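Next come the chains, spelled out residue by residue.
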Amino acid sequence: MGEHPSPGPAVAACAEAERIEELEPEAEERLPTAPEDFDTGSTGYISTGKFRTLLESHSSKLDPHKKEVLLALADSHADGQICYQDFVNLMSNKRSNSFRQAILQGNRRLSSKALLEEKGLSLSQRLIRHVAYETLPREIDRKWYYDSYTCCPPPWFMITVTLMEVALFLYNGVLLDQFVLQVTHPRYLKNSLVYHPQLRAQAWRYVTYIFMHAGVEHLGLNVVLQLLVGVPLEMVHGATRIGLIYVAGVVAGSLAVSVADMTAPVVGSSGGVYALVSAHLANIVMNWSGMKCQLKLLRMAVALICMSMEFGRAVWLRFHPSAYPPCPHPSFVAHLGGVAVGITLGVVVLRNYEQRLQDQSLWWIFVTMYTIFVLFAVFWNIFAYTLLDLKLPPPP
């Protein structure tokens, strides 16, 4: 799917009014840098009146809708002053929280009809609009995304991970001649990708266990959730942010098992999947009135039922008599580690579409908490197993 045709005039006008396009480099270089005639006291602020004069002097470089939305920024500052650097950032296509707040205030007189009311859209445009309404709670963000998305790059991360999981499952199934409840096969744990407590010093196992699944019933639900939830989220937020949530959930899942269920192995991508789904569901609940996805209550109920069934299957399997005692079946604690990441780091990422995460205090709080947990788990793995004199299952 390439670039989609131009949207209807109403949406195009509003979307244009809600974004500041990047100026040509030479035009951007000609912008003044807080000159004395505008900022006589060198305070870094200019009055709204002088701001309007500055806009007039650069009106030839601005789209009329762009100029209108900048004037809305001036109207939104009751104190009569605007940070000059904010203006320069806006002209350079750097969206900021101050810009968003100004647009949200000025949007009452600038906005046209909602994106959902646009008619005559192509199939690709309808798909992009559908993704926007599935994932973003604010109309301004939905229009911004709809106007700027080009499918370049495509949502490669979730698709690549899913294909690798399916390919390795099929390969392992042929190798073991078993596809249902593969985990009961006596040679299953010999795979070098599985996390095993006796082999916890092999650091790659804390991540690679996602490519091994207990059976086709385990793989199936994870793949469905990854594709239905992960791909749309990646289309909106990008591979870097969604990959961060996914991998953080995966690592938290295996580390949580090594701390809370010390004798059990770990398989499956549930840690990453539950991180994404939990973040998405929490974002919907926190922005309930703004989320316009269809049948959201029913779909949330279905998602929670599916997650509960998968978690129940994992709990049942964990306490089911093992096919190769004394090693137990894989742990279910990785699911809980993924949920913890989703409702902390994941929510912050999804709530700040195209905003700088490093500017969000909650982001640093949760990053610090996650780092402390990882460091604690590392030291726990180094010292606790010996200090507790824990009897571990034999190596596979």
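Residues numbered from 1 in each chain as written. Predicted model: local features only at pLDDT ≥ 70, side-chain atom pairs only at ≥ 80, totals over all residues. Heavy atoms only, no water.

Could you give me a rundown of the overall build of the protein, with the residues and numbers involved?
Each helix and strand counted, the protein has 15 helices and two strands in total. Taking all 396 residues of the protein together, the buried fraction comes to 53%. Sequence separation of 24 or more characterises 75% of the internal contacts of the protein that already satisfy a separation of 6 or more. Roughly 18500 Å² of accessible area belongs to the protein as shown, and the carbon and sulfur atoms make up 64% of that amount. (Helix = DSSP H or I, 4+ residues; strand = E, 2+ residues; numbered from the N terminus. Buried < 20%, exposed > 50% of the residue type's maximum accessible area, 1.4 Å probe, protein only. Contact = heavy atoms within 4.5 Å. Areas by Shrake-Rupley, 256 points an atom, 1.4 Å probe, with all protein chains shown as cover.)

Would you mind going over helix 12 (residues 270-286) in detail, with residue names and values included?
Counted at 1.5 Å a residue, the expected span for helix 12 with its 17 residues is 24 Å, and the 23 Å between its end C-alpha atoms agrees. Counting buried residues in helix 12 gives 15 out of 17 residues, a clear majority hidden from the surface. (Expected span 1.5 Å × (residues − 1).)

So what's going on with the pattern of salt bridges? Residues and values would help.
Overall, the coordinates contain five salt bridges when judged by the stated rule. In this structure, E310 and R313 form a salt bridge, with 2.9 Å as the shortest nitrogen-oxygen distance. Of the two residues, E310 and R313 both sit in helix 13 (residues 296-319), three residues apart, roughly one turn of that helix. Across this residue pair, the class does not change: E310 and R313 are buried. Across the pair R356 and D359 runs a salt bridge, and its minimum N-O distance is 2.8 Å. In this structure D359 comes out as partly exposed when scored by relative accessible area, which is 47%. (Salt bridge = Lys/Arg side-chain N within 4 Å of Asp/Glu carboxyl O.)

So what's going on with the UniProt feature "active site" (unreviewed entry) in the protein? Which residues, and what values?
The feature "active site" (unreviewed entry), as given by UniProt, occupies S270 and H335 in the numbering adopted here. Spanning 66 residues, the named residues nonetheless gather at one spot, since no C-alpha pair among them exceeds 5.6 Å. Note on placement: S270 falls in helix 12. With relative accessibility at 2%, the residue S270 sits in the buried group. What S270 contacts, discounting residues up to four positions off in sequence, is H218, N222, E310 and H335. (UniProt positions renumbered as here; feature names shortened; annotations may be inferred.)

Lay out the packing of aromatic side chains with the relevant residues and their values.
Applying the stated criterion across every chain yields a total of nine aromatic pairs. Measuring from centroid to centroid gives 5.7 Å for F376 and W380, while their planes differ by 40°, and the two rings are tilted. Within this pair, F376 and its partner W380 are both found in helix 15 (residues 361-387), separated by four residues, close to a single helical turn. A network of ring pairs unites the aromatic residues W156, F157 and Y246 as a single cluster. Directly above the aromatic system of Y385 lies the positively charged group of R200, at a separation of 3.7 Å from the ring centroid. Above the plane of the ring of W288 lies K296, whose end atom (NZ or CZ) is 4.5 Å from the centre. (Phe/Tyr/Trp six-rings, centres within 6.5 Å; stacked < 30°, edge-to-face > 60°. Lys NZ or Arg CZ within 6 Å of the ring centre and 35° of its normal.)

Talk me through the side chain of T162; I want residue IDs and the actual numbers.
Secondary-structure assignment places T162 in helix 9 (residues 156-176). For T162, a relative accessible area of 6% corresponds to the buried category. A distance of 2.7 Å separates a polar side-chain atom of T162 from the backbone oxygen of M158. (Polar contact = N/O pair within 3.5 Å; in protein donor to acceptor, adjacent residues only side chain to side chain.)

So, the confidence of the model for the protein: which residues are in play, and what are the values?
A residue-level look at the protein finds 74% of positions with pLDDT of 70 or above and a mean pLDDT of 80. Mean pLDDT per element in the protein: helix 2 (residues 25-29) is the minimum at 37, and helix 10 (residues 205-208) is the maximum at 97. Every residue in residues 1-35 is under pLDDT 50, and counting partners more than four places away or in other chains gives 80 contacts. Overall, residues 92-96 carries pLDDT values under 50, and its contacts beyond four positions in sequence, including any with other chains, amount to 14 contacts. (pLDDT = per-residue confidence, 0-100.)

Can you tell me about the nonpolar core, naming the residues and giving the values?
The biggest cluster of nonpolar side chains holds 82 residues, and the ones touching the most others in it are Y145, Y188 and Y246. Of all the secondary-structure elements, those providing two or more residues to this core are helix 7 (123-135), helix 8 (139-148), helix 9, helix 11 (216-260), helix 12, helix 13, helix 14 (333-351) and helix 15. The dominant element in this core, judged by the number of residues it contributes, is helix 11, at 18 residues. Beyond its immediate sequence surroundings of up to four residues, Y145 is in contact with I128, V131, A132, L136, M235, V236 and Y353. (Core = buried A, V, L, I, M, F, W, Y, C linked by side-chain atoms within 4.5 Å.)

Account for the side chain of H280, naming residues and giving values.
Structurally, H280 is set in helix 12. Judged by relative accessible area, which is 11%, H280 ranks as buried. Not counting residues up to four positions away in its chain, the partners in contact with H280 are E134, T135, V229, L233 and L350.

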